[in-house]
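Observations on the three-dimensional arrangement
Here is what each chain is made of, one letter per residue.
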There are 2 protein chains.
Amino acid sequence: MQSWIRFRRADGSIGHGRTDGVGSDRVIEYDGPGYVDPRPTGAAYKLDELHLLAPCEPGKVVALWNNFHALARKLEKPVPTHPLFLIKPATSLAGPGDAVERPRSYDGKIVYEGELGIVIGKKARNVSVAEAASHIFGYTIVNDVTAAELIAADPSFPQWTRAKGFDTFGCIGPAIVPGFDWRAASVKTRLDGVERQNYPLSDMIFSPEEQVSRISQDLTLMPGDVIAVGTSLGVGSMKDGAVVEVSIDGIGSLVNHVRG
Amino acid sequence: MQSWIRFRRADGSIGHGRTDGVGSDRVIEYDGPGYVDPRPTGAAYKLDELHLLAPCEPGKVVALWNNFHALARKLEKPVPTHPLFLIKPATSLAGPGDAVERPRSYDGKIVYEGELGIVIGKKARNVSVAEAASHIFGYTIVNDVTAAELIAADPSFPQWTRAKGFDTFGCIGPAIVPGFDWRAASVKTRLDGVERQNYPLSDMIFSPEEQVSRISQDLTLMPGDVIAVGTSLGVGSMKDGAVVEVSIDGIGSLVNHVRG
């Protein structure tokens, strides 16, 4: 299966490329991200020569809350009738290996949320569920990091955007896999090597196609935008220095650490 | 007082320019927006030859809730200890004269909120209140349009982002005025010619400098980003076809209409 990456070379310049999937170490360079119909530049690299970056450059990350049946049951929340979401700004992005930086102003719990990410390939506005698949470029992994104690810090206004919008709180990567079959896959999150999340994506409330269709009724999704489809059971807090790895078989592993 | 605009020419091309303020009809063209240190191109236009666009291209609009004492008292909400905000995406932008498009999926109340907008000129991350002024390029007018009935439509998750994030729900313009003295100014909103809002900006809870400083502790503000500082008393709903005009003396008037 093809896999698209974005990388920084040793000289600091940034490029895009394609590998032949998990386990392949050969990178064919292209002149743009996979969703803009790029052409091969003729260059090739070994994967370990390159520093991986977040594999796309979203203008926004649409992050869903309460999109798994098991979590809804645990939280005793009703199954939503429309995707419930907030926006993480482009400035929140972090790539594979990057530090999650503790905000200077916050000494509370910082929480990991391992998730599947949908990467938009083609502008989507008011698209039907049937049309949605053609607007999805592929799938990636997201750690939707959250300053959990801020959400309810003000009793009159839940601060979802602030809690999830800090710089480096939107970890994305390592690669985008077009045609990935999410139905058979699970999300696994390890905190300092210990498995803390392991849930099947088939438990999703709104499927990726339903999400793209429904959200595109609300706002236009642009190429490179990411939908973080929500997490399930096992969310927990990360101490400063902790290493967190979110894995989805067929996409890869996204590893980040917390810097206090 | 200088005033910066962005415009479309008769041939469809887009440009940037400066006027000598409200009432001046001569536009000096520049090769970029005012906050990137642009140079005059040598061209000049009459204002009425040009179709005005939103005067900047924000990556995000940070929209505040509950930032005026009079509104906090009316809503019986405590004065917040930190700006309470959500993000309106770049895709929500509309310019002067543009239609506010009713979403196909929504037949409830669509509400105007006349507001002052802060336009960021220089990247701001963890800046102090004293430093904040140098990161503000100027001030504009915002109509922070809201699908009011969506906010509380799901009892478990207030949908601020969805309610305020629809395409065309972020009306901005007509111009950006550097050095604008907001302390002496008022925001007036007229609905179909009838004044519905008229409140002094001096009633703001967090000043623009405090907003830039506090929000820059949470997320990086980029050049062109807009902070919508929040509204005060007099918010109301707009029927399809309604014309709404938000005015601030010294900046101008932002006129939009609702298309059902």
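Residues numbered from 1 in each chain as written. Chains lettered and ligands numbered in written order. Predicted model: local features only at pLDDT ≥ 70, side-chain atom pairs only at ≥ 80, totals over all residues. Heavy atoms only, no water.

Residues and elements named next belong to chain B. Spatially, the three strands line up as an open sheet ordered 13-10-18, and their pairing is antiparallel. A strand with exactly one partner marks an edge of an open sheet, and here the two such strands are strand 13 (146-147) and strand 18 (236-237). Note that strand 10 (residues 110-112) and strand 18 share two bridges and pair antiparallel. Across the sheet, the residue bridging to Y112 is G236, located in strand 18. (Pairing = 2+ DSSP bridges. Helix = DSSP H or I, 4+ residues; strand = E, 2+ residues; numbered from the N terminus.)

Given two aromatic rings, one states the distance between the centres and the angle between the planes to describe the pair. Counting across every chain of the model gives 20 aromatic pairs over all chains. Their ring planes at 75 degrees and their centres at 5.7 Å tell us that Y35 of chain A and F137 of chain A sit as a pair that is edge-to-face. Here the residue Y35 of chain A occupies a position in the loop between strand 3 (26-30) and strand 4 (40-46), and F137 of chain A occupies one in strand 12 (residues 136-144), the gap between them amounting to 102 residues. F137 of chain A sits in the buried class, given a relative accessible area of 15%. With 4.8 Å between their ring centres and 65 degrees between their planes, W4 of chain B and Y30 of chain B make a pair best called edge-to-face. Here Y30 of chain B lies in strand 3 (residues 26-30) and W4 of chain B lies in strand 1 (residues 3-8), a separation of 26 residues in the sequence. Summarising the burial analysis for this pair, W4 of chain B and Y30 of chain B share the class buried. Feature note: the residues W4, Y30, Y35 and F137 of chain A constitute an aromatic cluster, connected by ring pairs. (Phe/Tyr/Trp six-rings, centres within 6.5 Å; stacked < 30°, edge-to-face > 60°. Buried < 20%, exposed > 50% of the residue type's maximum accessible area, 1.4 Å probe, protein only.)

Another point: the relation of the copies chain A and chain B. Take chain A, turn it by 180 degrees, move it 0.0 Å along the axis, and it overlays chain B with an RMSD of 0.0 Å. Taken together, the rotation angle and the small translation identify this as a two-fold axis. Of the interface residues in chain A, 100% have counterparts in chain B that sit at the interface too, so the contact is made through matching surfaces. (Least-squares fit on C-alpha atoms with pLDDT ≥ 70 in both. Contact = heavy atoms within 4.5 Å.)

Taken residue by residue, the interface counts 33 residues in chain A and 33 residues in chain B. For the pair chain A and chain B, the two sides together bury roughly 3100 Å², of which 61% comes from carbon and sulfur. Summed over the shared surface of chain A and chain B, the number is four salt bridges. For D167 of chain B, the salt bridge goes to R125 of chain A, with nearest N and O atoms at 3.1 Å. Across the chain A-chain B interface, the total number found is eight residue pairs in polar contact (both at pLDDT 80 or more). Breaking the side of chain A that touches chain B down by element, the ones donating at least two residues are strand 6 (60-65), strand 7 (84-89), helix 3 (160-165) and helix 4 (208-218) of chain A. With five residues, the single largest contributor to the side of chain A that touches chain B is strand 7 of chain A. Split into classes, the residues belonging to the side of chain A that touches chain B amount to 14 nonpolar, 11 polar and eight charged. (Buried area = accessible area lost by both parts, 1.4 Å probe. Salt bridge = Lys/Arg side-chain N within 4 Å of Asp/Glu carboxyl O. Polar contact = N/O pair within 3.5 Å; in protein donor to acceptor, adjacent residues only side chain to side chain. Nonpolar A, V, L, I, M, F, W, Y, C, P; charged D, E, K, R; others polar.)

The antiparallel open sheet is built from three strands, whose spatial order is 13-10-18 (chain A). Looking along the sheet, the strands with just one partner apiece sit at the ends: strand 13 (146-147) and strand 18 (236-237) of chain A.

Residue and element names in this part refer to chain A. Counting buried positions along strand 14 (residues 170-177) gives eight out of eight residues, so the element sits mostly inside the fold. Pairing of strand 8 (residues 93-94) with strand 14, which is carried by two bridges, proceeds in the parallel orientation. Bridging across to strand 14, L93 finds its partner in G170. Summarising the sheet, strand 12 and strand 14 pair through five bridges and their orientation is antiparallel. Bridge assignment links I141 to a residue of strand 14, and that residue is G173.

So, about the nonpolar core. Membership of the largest hydrophobic core comes to 141 residues, with the highest contact counts inside it found for L116 and V212 of chain A together with L116 and V212 of chain B. Look past the residues within four positions of V212 of chain A in its chain and what remains in contact with it is I118, I120, A124, V127, A132, H135, I136, L221 and I227 of chain A. Membership of the second largest hydrophobic core comes to seven residues, among which are I5, F7, Y45 and L50 of chain A. (Core = buried A, V, L, I, M, F, W, Y, C linked by side-chain atoms within 4.5 Å.)

On to helix 4 of chain A. Counting buried positions over the 11 residues of helix 4 of chain A gives eight, a clear majority of the element. All buried positions along helix 4 of chain A are accounted for by P208, E209, Q211, V212, S213, I215, S216 and D218 of chain A.

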